[in-house]
Amino acid sequence: MTVAKRTFDVVVVGAGGAGMRAALQLAQAGLKVAVLSKVFPTRSHTVAAQGGIAASLGNVNEDNWHWHMYDTVKGSDYLGDQDAIEFMCRAAPEVVYELEHFGMPFDRLDSGKIYQRPFGGHMQDYGKTPVQRACAAADRTGHAMLHTLYQQNVKANTHFFIEWMALDLIRDEDGDVLGVTAMEIETGEVMIFQARATLFATGGAGRIFASSTNAYINTGDGLGMAARAGIPLEDMEFFQFHPTGVYGAGVLISEGVRGEGGYLVNKNGERFMERYAPTAKDLASRDVVSRAITVEINEGRGCGPYGDHILLKLDHLGDEVIKQRLPGIREIALKFAHVDPAISPIPVVPTAHYMMGGIPTNYHGQVVAPYKTGPDEVVRGLYAVGECACVSVHGANRLGCNSLLDLLVFGREAGRQIIEDLQNHPHPKPLPADAAERPLARLARLENQQNGERVAEVGNEMRKVMQKHCGVFRFPELLAEGVEQIKQVAERVARTGIGDKSRVFNTARIEALELDNLIEVAQATMVSAAARQESRGAHARDDFPQRDDQNWLKHSLYFREDHRLDYKPVRLKSLTVESFPLKARVY
Amino acid sequence: MKFHIYRYNPDTDAAPYMQDYDLDIEPAGKMLLDALLLLKEQDDSLSLRKSCREGVCGSDAMNINGRNGLACITPLSSLKEPITLRPLPGLPVIRDLIVDMTQFFKQYHSIKPYLINNDPPPETERLQSPAQRAHLNGLYECILCACCSTACPSFWWNPDKFVGPAGLLQAYRFLADTRDHASRERLDDLEDPYRLFRCHTIMNCVDVCPKELNPTEAIGNIKDMMVRRLV
């Protein structure tokens, strides 16, 4: 079978916040850019972000990027690379002002400046008191940001390929990346997108868990493609559980609710966060709050007939504040929790939310992997940004409202780096003869599979295993069993079948291909989690309750082949300021 | 529960048809999308778009018992049986509940949906008072689901000429933004027998908007601006 080919300077896979910020940079530089997206760009998961974007503008309280950097390093439980964290926090005000100039409808203070609210883990003066650092457009910040970035791309005439699903990376004998294969969902046509630079901005993989705040499209496509192409995945054991997913539905309730004065109570009506984080209370870092809620539930102080959730109380804020500052939350509470938050508290539970790990990159967005000379050799032609990348600014736990910032800063920087790198690579390298072999084989298998297992059934099994064996607290036997079970699920994924074999908008086929990607992420997560014998940030072990800097202050690298693990050091040296030394984390 | 769903696959069907489904589901606390996904587990050829499942992305817009809406935020318990589902009206059907949105987005793009301000950007933010910012409320929240435009008879008759409620709501979103300096060009572009003035204030758009926005009011405001600059 011959596959059609198109050639671009750059192909960007994914049109969420990071992909679109990068695309804007590239389109404005006059490069020939293709942006591939499974869904219409404004339907990317960035749209669901609520509370705000972090930047030390100091519009409400005194603030500076050193404090922001400290909070981010501390929030990351010291697993974050301090060079990348400095780079991000220093650039934050600039990219937020840029976004405002693009037309972002931020809420305003009386002075006319951007409104900022408090957010978990963001403090003044190196951790002393909470600070108002989250720049917000009500509780629809992600929606406003994604639309603003799309609008700017419309202005810049960016070339979008909408409802195209990327299938696999193309690498040659030298390991250089030469583009991707992709399928047009509407027609089922497969095409090669040849490019001198390929940028992955494919977002997260929350759908490996049964209970997740993520959209249905968050299936780890970039990670699956990278893993199949022999690229390692970094720090996959660190999956953040957001403290306040709506009980039963998983839909997210922004941390901005607590920033506006909401707080958590147990079945006795007690504000329990004061016991776990005496200074920051409900505004402690997310892993701290999630763990506290889980302890409350496990020790019998959970709410409801099954004692399996906690209540988020905000009725004391008054109807006015709720309607003005938290209109989206009000909507969600009414629709998914069936309560009016001005009258009754919202039942919530920690829910899988954000993947701190991903495709390893440096802070310029270049993908790095150990090959011959060291752990951080650049993979030529491949870049990654956003949630699918591990820069690593999030370390072991993401600080709230740092993710929208991450998308902007590293989206822009990857764009800049690609423009620079392409000057040294004026011509595309020839494609290998088997460029489309892997995806065509995967499609042929689905086409010809007899008596295959149902995609939905195998997918449900995977999510059940991940939820039970790799949750907020992790237990040694459960992890060991989980590793075996997820490998068995992977064998079943290789035998899935679909009833629908037609070409036009075949969503059954898309879901089967997505499961191929999800299972790679699930295996990486489970294997990495079973190996790390300590508790750090979002990874909490029942049998190793303490952080172990002696043995575990290092990044994990999972290789798909034989489920091999390798490790590399954390970059403790920052760019221009003194590093923050390791210390115990208290909030 | 009983479902009555529009089916069409150009690969295999000569013509569209309606298919009946029975589903064993307890409606309390569940949304229509939950039911559709269970139906898809039984019959993987049933195709629909979906993404956020919380009403912010607009993917799963469809015609539900004769009224446009989002499956993910429509409670099952609110629907009369048999639940009749069709693709959004007025746009070409690609397959089953999936429509071709090209014409819709063409109109959206035609209003220059981006801030235009050619002053050199200041060092920090462009200032805007809370009152000025409040003018954007009810405008910027649009999720481009197309429920409104595909419920609008004027858009059905002239989809290539009339911008439609979603596009016009966005046009006013930029006209209302104190940071935007292109009001004159924007109004010039809409001063045409079709682009703006085909709105006959039928208000179907307001009736179906899942975000409770009011495109008719925005269109009225544009007409006001148009008149004010003429007198």
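Rules behind the numbers
Residues numbered from 1 in each chain as written. Chains lettered and ligands numbered in written order. Predicted model: local features only at pLDDT ≥ 70, side-chain atom pairs only at ≥ 80, totals over all residues. Heavy atoms only, no water. UniProt positions renumbered as here; feature names shortened; annotations may be inferred. Pairing = 2+ DSSP bridges. Helix = DSSP H or I, 4+ residues; strand = E, 2+ residues; numbered from the N terminus. Contact = heavy atoms within 4.5 Å. Axes fitted to C-alpha atoms, helices over the stretch in contact; angles between N-to-C directions. Phe/Tyr/Trp six-rings, centres within 6.5 Å; stacked < 30°, edge-to-face > 60°. Buried < 20%, exposed > 50% of the residue type's maximum accessible area, 1.4 Å probe, protein only. Lys NZ or Arg CZ within 6 Å of the ring centre and 35° of its normal. Salt bridge = Lys/Arg side-chain N within 4 Å of Asp/Glu carboxyl O. 1 Å grid on protein atoms, 1.4 Å probe; cavity = no way out; pocket = protein on both sides within 12 Å on 5 of 7 lines; lining within 4 Å. Points joined across faces, edges and corners; volume = space filled by probe spheres on them. Nonpolar A, V, L, I, M, F, W, Y, C, P; charged D, E, K, R; others polar. Expected span 1.5 Å × (residues − 1).

By the naming in an unreviewed UniProt entry, chain B goes by Succinate dehydrogenase iron-sulfur subunit and is assigned to Ferrigenium kumadai. UniProt lists a comment for chain B under the heading Function (unreviewed entry), and it reads "Two distinct, membrane-bound, FAD-containing enzymes are responsible for the catalysis of fumarate and succinate interconversion; the fumarate reductase is used in anaerobic growth, and the succinate dehydrogenase is used in aerobic growth." Its UniProt record, at the heading Pathway (unreviewed entry), says of chain B: "Carbohydrate metabolism; tricarboxylic acid cycle; fumarate from succinate (bacterial route): step 1/1."

Looking up chain A in an unreviewed UniProt entry gives the name Succinate dehydrogenase flavoprotein subunit, with the organism given as Ferrigenium kumadai. We quote the UniProt Sequence similarities (unreviewed entry) comment for chain A here in full: "Belongs to the FAD-dependent oxidoreductase 2 family. FRD/SDH subfamily."

Colleague: What should I look at first to understand the sheet that holds strand β24 (residues 564–569) of chain A in this one?
Modeller: Neighbouring strands of a sheet are bound in pairs by backbone hydrogen bonds; such pairs are parallel or else antiparallel. All names here are of chain A. Sheet architecture is open: three strands sit in the order β10-β23-β24, paired in antiparallel fashion. Unpaired on one side and paired on the other, β10 (233–234) and β24 mark the two borders of the sheet. Strand direction decides the pairing type here: β10 and strand β23 (residues 554–559), joined by two bridges, are antiparallel. Counterpart to L233 in the pairing with β23 is Y558. Here helix α15 (residues 507–531) sits on the sheet and contacts β10, β23 and β24; the angle it forms with β23, its principal contact strand, is near 135 degrees.

Colleague: In this structure, what is going on with the UniProt feature "active site" (unreviewed entry) in chain A? I would like to understand it.
Modeller: Mapped onto the present numbering, the UniProt feature "active site" (unreviewed entry) falls on R286 of chain A. Excluding residues that lie within four positions of it along the chain, R286 of chain A makes contacts with F119, Q240, F241, H242, P243, E255, H353, N397, R398, G400 and C401 of chain A.

Colleague: How should I be thinking about the packing of aromatic side chains in this particular structure?
Modeller: When we look at a pair of aromatic rings, we describe it by the centre distance and by the angle of the planes. Evaluation of the coordinates by the stated rule reveals 20 aromatic pairs over all chains. Ring geometry for F209 of chain A versus F241 of chain A: centroids 5.6 Å apart, planes at 70 degrees, classification edge-to-face. Taken as a pair, F209 of chain A in the loop between β9 (190–200) and α5 (221–228) and F241 of chain A in strand β11 (residues 239–246) lie far apart in primary sequence, 32 residues in all. In terms of burial, F209 of chain A and F241 of chain A fall into one category: buried. A network of ring pairs unites the aromatic residues F40, Y150 and F160 of chain A together with F104 and F105 of chain B as a single cluster. The lysine or arginine in question, K32 of chain A, covers the ring of F8 of chain A, its NZ or CZ lying 5.0 Å from the ring centre. One residue, R271 of chain A, lies across the ring of Y263 of chain A, its end atom 4.0 Å from the ring centre.

Colleague: Even after reading the chapter, I still don't get the pattern of salt bridges, so can you show me in this structure?
Modeller: If charged atoms from side chains of opposite charge come close, those side chains can pair. The full count for this structure, using the stated rule, is 74 salt bridges over all chains. Between R67 of chain B and D207 of chain B there is a salt bridge whose closest N-O contact spans 3.2 Å. In this pair, R67 of chain B sits in strand β4 (residues 67–70) while D207 of chain B sits in helix α7 (residues 204–208), placing the two residues 140 residues apart along the sequence. Here R67 of chain B falls in the partly exposed class, since its relative accessible area comes to 41%. The partner of R229 of chain B in a salt bridge is E191 of chain B, and the shortest N-O contact between them spans 2.8 Å. With a gap of 38 residues between them, R229 of chain B in helix α8 (residues 215–230) and E191 of chain B in the loop between α6 (183–190) and α7 connect regions that are remote in the sequence. What makes E191 of chain B partly exposed here is its relative accessible area of 39%. In this structure, a network of salt bridges that share partners links the residues D77, E237, D287, R291, R532, E534, R536, R547, D549 and R585 of chain A.

Colleague: Looking at this structure, I do not really get the layout of surface pockets. What am I missing?
Modeller: Rolling a probe over the atoms, with the probe sized like a water molecule, indicates the empty space that remains. Here the second largest pocket defines a volume of roughly 600 Å³. Contributing to the lining of the second largest pocket are 23 residues, with R140, K323 and P327 of chain A together with N137 and E141 of chain B lying nearest its centre. Elements that contribute at least two residues to the lining of the second largest pocket include exactly α9 (318–325) and α10 (327–337) of chain A together with α3 (130–134) of chain B. In terms of residue count, the dominant contributor to the lining of the second largest pocket is α10 of chain A (five residues). In terms of residue class, the lining of the second largest pocket is built from eight nonpolar, three polar and 12 charged.

Colleague: Just checking my understanding: could you explain helix α11 (residues 403–423) of chain A for this structure?
Modeller: Helix length check: α11 of chain A (21 residues) gives 30 Å between terminal C-alpha atoms against 30 Å at 1.5 Å per residue, within 8%. Burial of α11 of chain A is extensive: 17 of the 21 residues sit out of reach of the surface.

Colleague: Would you mind going over unusual backbone geometry with me for this structure?
Modeller: Trans peptide bonds make up the majority, and among non-glycine residues the majority have a negative phi. Of the consecutive residues V391 of chain A and S392 of chain A, the connecting peptide bond is found in the cis state with omega at 0 degrees. Along the chain, E81 of chain B connects to P82 of chain B via a cis peptide bond; the corresponding omega equals -10 degrees. Among the structural elements, P82 of chain B can be located in the loop between β4 and β5 (83–86). Although it is not a glycine, H563 of chain A sits at a positive phi angle of roughly 55 degrees. Note that H563 of chain A resides in the loop between β23 and β24. Of note in the backbone geometry, L144 of chain B takes a positive phi value of approximately 55 degrees without being a glycine. Within the element layout of this structure, L144 of chain B appears in the loop between α3 and α4 (153–157). For L144 of chain B, a relative accessible area of 2% puts it in the buried group.

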